[in-house]
Amino acid sequence: MYCGRSAARWRRASSGGGRCRSSPRRTRPSGSAASWTPVSTRCWPKRPPSARRRPLRPPAGTDVPATAARLARAKINLALHVTGRRADGFHLLDSLVVFADTGDRLRARRAARTSLTVAGPFAAGLDAGPDNLVRRAAALMPGCPAALALDKQLPLAGGIGGGSADAAAALRALADLYRAPLPAPGAVLALGADVPVCLHGRAVRMRGIGEVLAPVPALPPLWCVLVNPGVACPTGPVFGALASPDNPPLPDFPDAFADAAALADWLCGTRNDLEPPARALVPEIARAGDAVAAQPGCLLARMSGSGATVFGLFARAAEARAAEAALSAASPAWWCRAAAVAG
Ligand SMILES: C[C@@](CO)(OP(=O)(O)O)[C@H](O)COP(=O)(O)OP(=O)(O)OC[C@H]1O[C@@H](n2ccc(N)nc2=O)[C@H](O)[C@@H]1O
Ligand SMILES: Nc1ncnc2c1ncn2[C@@H]1O[C@H](COP(=O)(O)OP(=O)(O)O)[C@@H](O)[C@H]1O
């Protein structure tokens, strides 16, 4: 990690291990509605959505749209502490999660049967079949058939939760189209540990394996640059390479963050515990982190999630855009995006 405006403290990892390019199918975390702690009150269906077979009819007189569009925002783990390991092997987390104002685009149109098409710069290698998280999300709402179109703008297996954001976007779009309730929390969590937080979609503290969400102080205006060095970094192997699952939780939050620099200072007392094992698996992460940390105005550079995407934080939009331009010019093979951080 690098933090501070002058001292470059991004630590280089000792290289080791090979590149990870495989994309294993996600295994399902077990979860129950009882373990879900939503920040806001939600209306859950009284019976499981799977009980519905025919398309839902919107309530009479309701003006429902025929199409819906959603931005599936990139998730950023500003801090990610691994604090324990459950008996089933899933790790307990304590994470400050925010969302960048950039992501995949999902369009949905009411139809007789559910279908999915995938286009965009990262469509290659992503199957539109039943394993796609959009399809798996739609399967949780069988009364809401739709023609779904995913414009895949985010790199796959990049630690920015693209698949989870797509699943959350699909659930929201179908709920909009049919004025239908969202699936039960346990079913949402079973799609992936990051899906509940992506469904929430705003800055939040995430604990448990991803199902316990709690409010955080309002974020100051903040911009980021996201950099993915083009190497997929699958989540499971990174957790598997973690030295210890038992690490201290996040420090106490202040009542407020005065500005971006104050947030960056607080983040300097936090970590991403998955960064050392990810850097050992994918040496490109350290190179990307060094490059981001060297950008003028960069307050902090760190890896998000299980990698390989690295983020830099900036107080001003112009600095983030300049960083994107400089990084893209220096390393054309890298995926670089400047974006506002949505509070
Ligand atoms: C690490 C995080 C942090 O936000 O982000 P990403 O790097 O994936 O973006 C998430 O916890 C990832 O969530 P998600 O990507 O949905 O994970 P899943 O598909 O449910 O799990 C993939 C695999 O990672 C491991 N896993 C995942 C979550 C967790 N809390 N403990 C784990 O040990 C398990 O081996 C699991 O089989
Ligand atoms: N719509 C989707 N977009 C991205 N990945 C998907 C999607 N559906 C299934 N996947 C699978 O989910 C895994 C995790 O992808 P992603 O959410 O992009 O990364 P991460 O969990 O590192 O943030 C990948 O192995 C990918 O094959």
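It should be emphasised that the depicted structure is a prediction, and the values quoted were computed from it without experimental measurement.

Teacher, can you tell me more about the overall build of the protein chain here?
A count of helical and extended segments in the protein chain gives nine helices and eleven strands. Total accessible area on the protein chain is roughly 14,500 Å²; 53% of this is exposed by carbon and sulfur atoms.

Would you explain helix α8 (residues 284–293) in this entry?
Helical geometry: 3.6 residues make up each α-helical turn, so side chains three or four residues apart lie on a common side. Along α8, seven of the ten residues are buried, which leaves the element largely enclosed by surrounding structure. Of all the positions in α8, only Glu284, Ile285, Ala286, Ala288, Gly289, Val292 and Ala293 are classed as buried.

Would you mind showing me how to read the pairing of strand β10 (residues 310–314) here?
β10 sits mainly inside the fold: five of its five residues count as buried. Residues Val310, Gly312 and Phe314 of β10 are buried on one face, and the alternating residues Phe311 and Leu313, pointing to the opposite face, are buried as well. Alignment of strand β8 (residues 223–228) against β10, held across five bridges, turns out to be antiparallel. Paired with valine 227 across the strands is valine 310, a residue of β10. Inspection of the sheet shows strand β9 (residues 300–303) paired to β10 by four bridges, in the antiparallel sense. Looking across to β10, one finds that alanine 301 is bridged to glycine 312. The turn joining β9 and β10, which pair antiparallel and follow one another in sequence, is formed by six residues; a positive phi near 55° is taken by glycine 305.

Please clarify how the packing of aromatic side chains should be interpreted in this entry.
Remark: the centre distance and the inter-plane angle together describe each pair of aromatic rings, the angle taken between the planes. Considering all chains together, one arrives at two aromatic pairs under this definition. Arranged with centres 5.8 Å apart and planes meeting at 65°, the rings of phenylalanine 257 and tryptophan 266 form a pair that is edge-to-face. Grouping residues by exposure puts phenylalanine 257 and tryptophan 266 together as buried. Aromatic ring contacts, followed pair by pair, group Phe253, Phe257 and Trp266 into a single cluster.

Just checking my understanding: could you explain the layout of surface pockets for this structure?
Where empty space is left in the structure can be found by rolling a water-sized probe over the atoms. Considering only enclosed or pocket space, the second largest pocket measures out at about 200 Å³ in volume. Along the wall of the second largest pocket there are 13 residues; nearest its centre are Arg70, Leu71, Arg73, Cys198 and Gly201. Contributing elements (two or more residues each) for the lining of the second largest pocket: β2 (67–85), α2 (162–178) and α4 (195–200). For the lining of the second largest pocket, a count of residues per class yields eight nonpolar, two polar and three charged.

I tried to follow the UniProt feature "binding site: ATP" (unreviewed entry) in the protein chain on my own but got confused; where do I start?
The residues that UniProt annotates with the feature "binding site: ATP" (unreviewed entry) are Pro155, Leu156, Ala157, Gly158, Gly159, Ile160, Gly161, Gly162, Gly163, Ser164 and Ala165. Those annotated residues lining the second largest pocket are, specifically, Ala165. Among the structural elements, alanine 157 can be located in the loop between β5 (146–151) and α2. The contacts of alanine 157, once residues within four sequence positions are left out, are Ala232, Cys233, Gly307 and Ala308. According to the relative accessible area criterion, alanine 165 is buried, its value standing at 4%. With near-sequence residues (within four places) excluded, alanine 165 lies in contact with Ala72, Arg73 and Cys198.

Parameters and conventions
- Residues numbered from 1 in each chain as written.
- Chains lettered and ligands numbered in written order.
- Predicted model: local features only at pLDDT ≥ 70, side-chain atom pairs only at ≥ 80, totals over all residues.
- Heavy atoms only, no water.
- Helix = DSSP H or I, 4+ residues; strand = E, 2+ residues; numbered from the N terminus.
- Areas by Shrake-Rupley, 256 points an atom, 1.4 Å probe, with all protein chains shown as cover.
- Buried < 20%, exposed > 50% of the residue type's maximum accessible area, 1.4 Å probe, protein only.
- Pairing = 2+ DSSP bridges.
- Phe/Tyr/Trp six-rings, centres within 6.5 Å; stacked < 30°, edge-to-face > 60°.
- 1 Å grid on protein atoms, 1.4 Å probe; cavity = no way out; pocket = protein on both sides within 12 Å on 5 of 7 lines; lining within 4 Å.
- Points joined across faces, edges and corners; volume = space filled by probe spheres on them.
- Nonpolar A, V, L, I, M, F, W, Y, C, P; charged D, E, K, R; others polar.
- UniProt positions renumbered as here; feature names shortened; annotations may be inferred.
- Contact = heavy atoms within 4.5 Å.

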